[in-house]
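Here are the chains, one letter per residue:
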Amino acid sequence: MNILIETSIYSSGHKSKVFVSYSTESYMYTYAYRFCNVLEIVYQKKKPMSNSKQYTRRHFLQDIAFGGSGLIVLGTFGFRIIKDTEQNLIKAISINFEKCAGCRTCESACSAFNHPIVIDGEKVNGLGNPHYSNIRVYHFNPDVDIPVTCAICPDTPCVNACPVEPDAITGRKALFRDNNMTIKNDTERCIGCMQCAEACAELRAGIIHPNPKTNMPERMCTLCNGNPQCVANCPFDALEYIEMHADRDLADLSPVKIAERLIKELYNINV
Amino acid sequence: MFKIIAMKGYYGKLLDINLTTGEIKNTQIPEEDIKLFIGGRGLGTKILWDKLPNPGVDPLSPENALLFMPGPFSGLPIPSSSRTTVVTKSPRTSAVNPKHEHGSTVSYSNMGGFFGPEIKFAGYDGICITGKADKPVYIKIEDDNVEIIDAGKFWGMGTEEFDNALIDELGDRKFESCYIGPAGEQLIPMASILNTAARAAGRGGTGCVMGSKNLKAIAIKGTQSPVLGDHKTYLELLSKARKSFKDDHNDSLKFWRYGGTANALAYSSNNGTQAVKNYSEGTFGEVAKIATEANREKVWKRDFACFSCPLACKKSGIAKGSYSVMVHDGPEYETGTMLGANLLISDLSGLQKLIAVSDDYGIDIISVGNTIGFLMEAYEKEIIDSNYLDNIDLTWGNVDASLKLLHKICKREGIGDKACNGVKFMSNEIGHDSHKFAIHVKGHELAAWNVPVNSDRWSITYVTSNRGACHMNGGSPDKQDQSALRDSLAACNFASRWYNGEISYDKFLSAITGMDWSKGEFDKAGTRIFTLEKMFNYREGFDINDDILPPKFFENKFTVGDHKGAIVDKKEFESNLEEYYKIREWDNETSKPKNETLTYLDLEFTIV
């Protein structure tokens, strides 16, 4: 449903009438404004009316995101992320593909934090070339942007694939789950066989890649000392650092597969 | 041997590629030039000035230089600073009284997306293409590895198909690229350069110059970052800027996300500033059918942002109806007006189809929409008939006819072979006083903002812009200089309101370069850049006789809307322009910047 509101805008000293229409569906705001050198912005805010006929797909996604007893993001894509204290939980980064606008701020933020530079003896963020980022946003045509990052999988196919014998004392292979749950690589013991990367590509999103110089695995999420910078800096709130159901479905997470599903859903085109 | 410059925030390195010889080299950019012209549009113009020491070079000859210029902000995650300016000598413009056969203005056209930042990541402050490849090629750049690769199999491909085909060929989705479509290949003068199948350096015939070099595309990725002058201060400014985009001007942020520039369709129409019916009117009665709300309801599915931008003003979706089409970015204000309101087209899917087809060919939608509008008016006035138009019944609002003509223009078929040259050429062709409603300045078609309402601003904007008519120019010297500065930094005009006070552009530039850029010095650099462009044009034979508005604006009164009766007062326009030259300290007989002015602006080298 659309409602027209008459309002006024001042332009070059003249008062002009402007009709502003707003929809009671998903977008609550409309604005009138003077272009380029913005002088004045007028906006109305109105609560959306509940009307089953206007129950859009966007509403559906909102509802599944916030409805019920737990938190579920993107149920339509088959991987359920449920907040439920009785369940076995793991805290990781959840991605809302609906909200991502593909700006790649997360890549810069990740790279800047995880590749710091030292100035006057102090470690500070680097400049954040996305090439060194652990999270990656992949652009597809028809237009969708798919961020992918290490899921800190409960069952760690990457660690399972590591052929290095566990250390007698720590029980850790070269690739191991650290105390803070992140996956780390012991560069002293790693043999650079990249079986971890193969396992990740085959069973999960294909996050792990070899460092071009050392041929050792990288891009595992570090969680940035408990404050993931990708989450903190996402302008679209597409990323969240939340507790998730440990046995959630983590198959089919490769960006290509997610893009296929999203494109089909959004644009009704099979690719 | 390439030496590392002391100048921080830059590499001092221009990737210089000659496609005739295949020579690829790194050229030193003089530190003095970086200090004076900053980057992007400014530094690009200086390099062009040096590459073309003599006026009258054919813009489509191998001698012309095509520059892809990021700015000092590029690649840094400073919100909304991802623009890439393409600088070259324009194939679109010509003087009223030509002094050189190929005399034409400078052309600068910028695009958002991810291409500019990636140039910086690859370790360059710019890419310069000269020469002409003997067969179609594309250039692949990974840091220092630069290859010129055969593009024969891609030649003829539309941008939509090519966007995917190139990624398939490269096998890496992390390459950023820009390319031309069939329009650029066919040397359509108004061809554009695109990236991500939608974001275009649309204006000024950049794609035509790229096509003349047999260059289909540039794909680039890199692993580098420059060293900053004052890294810690930069980090402080960055976190303040990010915070500001969260906390300040929230209504403005929502505005951009809600509708992007398409929001202006409705309000500009209401204000009488829209180009309607080949600029005959300023208000379009059916604007609601193509405006934001209609698109939100029927077409748009997702919002997209350029590199590190919180605004996300690009909208994609699917248009259904009589012309089903994938919408990569449409309508924006310019595209929606030039192929919509200006042609009296209000069929939303028809409009989307026209936009998508134009982007697929890679043609400047502003110029092509303006040209179709001009021919519609000539057809209505019976200066031309359908026979002349290859049996196209080119009536107002006719989507099918517009689509047919668009295809012909982009393929140079029949009437299209003439029409692709724009309205100045066409009015010379058909005569009968049609020059009066040929809406261009210096040969470059006007954009979607009509002139009569707020004519003091819009007339100055169009007649004084250095690439010929340009809507992003600004209507007064200080606004023009600020615009030149933004284009030189790589900052986006739409986000400029955030960059005030403690996070102003000059503070960022000071932190990046480690130099103390005072507000005064910074503003002066803007004037310097704008004036250098002016001198380029003056050298090419453009003077005060070229700063003119099409006669229609002095003769045609709006007949509908709140601004019914609006018209440009010629005397007022002339006195505004005189005042403009006075503030600029340009000669009021020739419009040439005075020698004292040039000396003050460190542009002595332009004094003959």
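Report on the accompanying structure. This is a predicted model, so every value here is computed, not measured. (Residues numbered from 1 in each chain as written. Chains lettered and ligands numbered in written order. Predicted model: local features only at pLDDT ≥ 70, side-chain atom pairs only at ≥ 80, totals over all residues.)

Attention now goes to the sheet that holds strand β14 (residues 314-319) of chain B. Residues and elements named next belong to chain B. The strand order β13-β14-β15 describes an open sheet built from 3 strands, whose pairing is antiparallel. The open sheet terminates on both sides in strands that have one partner only, identified here as β13 (300-304) and β15 (325-327). Strand-to-strand, the axes of this sheet are offset by a mean angle of 15 degrees, without reference to chain direction. The pairing of β13 with β14 spans 4 bridges and is antiparallel. By the bridge assignment for β14, Trp-300 is matched with Gly-317. (Pairing = 2+ DSSP bridges. Helix = DSSP H or I, 4+ residues; strand = E, 2+ residues; numbered from the N terminus. Axes fitted to C-alpha atoms, helices over the stretch in contact; angles between N-to-C directions.)

With that settled, consider unusual backbone geometry. The phi angle of most residues is negative, glycine excepted, and most peptide bonds adopt the trans form. Note that the residue after Asn-141 of chain A, namely Pro-142 of chain A, is joined by a cis bond; omega there is 0 degrees. Along the chain, Pro-142 of chain A turns up in the loop between β8 (136-140) and β9 (144-148). Cis geometry marks the peptide bond from Gly-330 of chain B to Pro-331 of chain B; its omega dihedral reads -10 degrees. Of note, Pro-331 of chain B is situated in the loop between β15 and α11 (333-338). One non-glycine residue, Met-194 of chain A, adopts positive backbone phi at about 65 degrees. On the secondary structure map, Met-194 of chain A appears in the loop between β11 (183-185) and α4 (195-203). Classification of Met-194 of chain A as partly exposed rests on a count of 18 C-beta atoms within 10 Å. You will see that Leu-187 of chain B, though not glycine, has its phi angle at about 55 degrees, which is positive. Within the fold, Leu-187 of chain B resides in the loop between α5 (182-185) and β10 (193-195). C-beta crowding within 10 Å serves as the criterion here: with 17 such atoms nearby, Leu-187 of chain B is assigned to the partly exposed category. (Buried ≥ 20, exposed ≤ 12 C-beta atoms within 10 Å, placed from the backbone.)

Keep in mind these numbers describe shape, not what the thing actually does.
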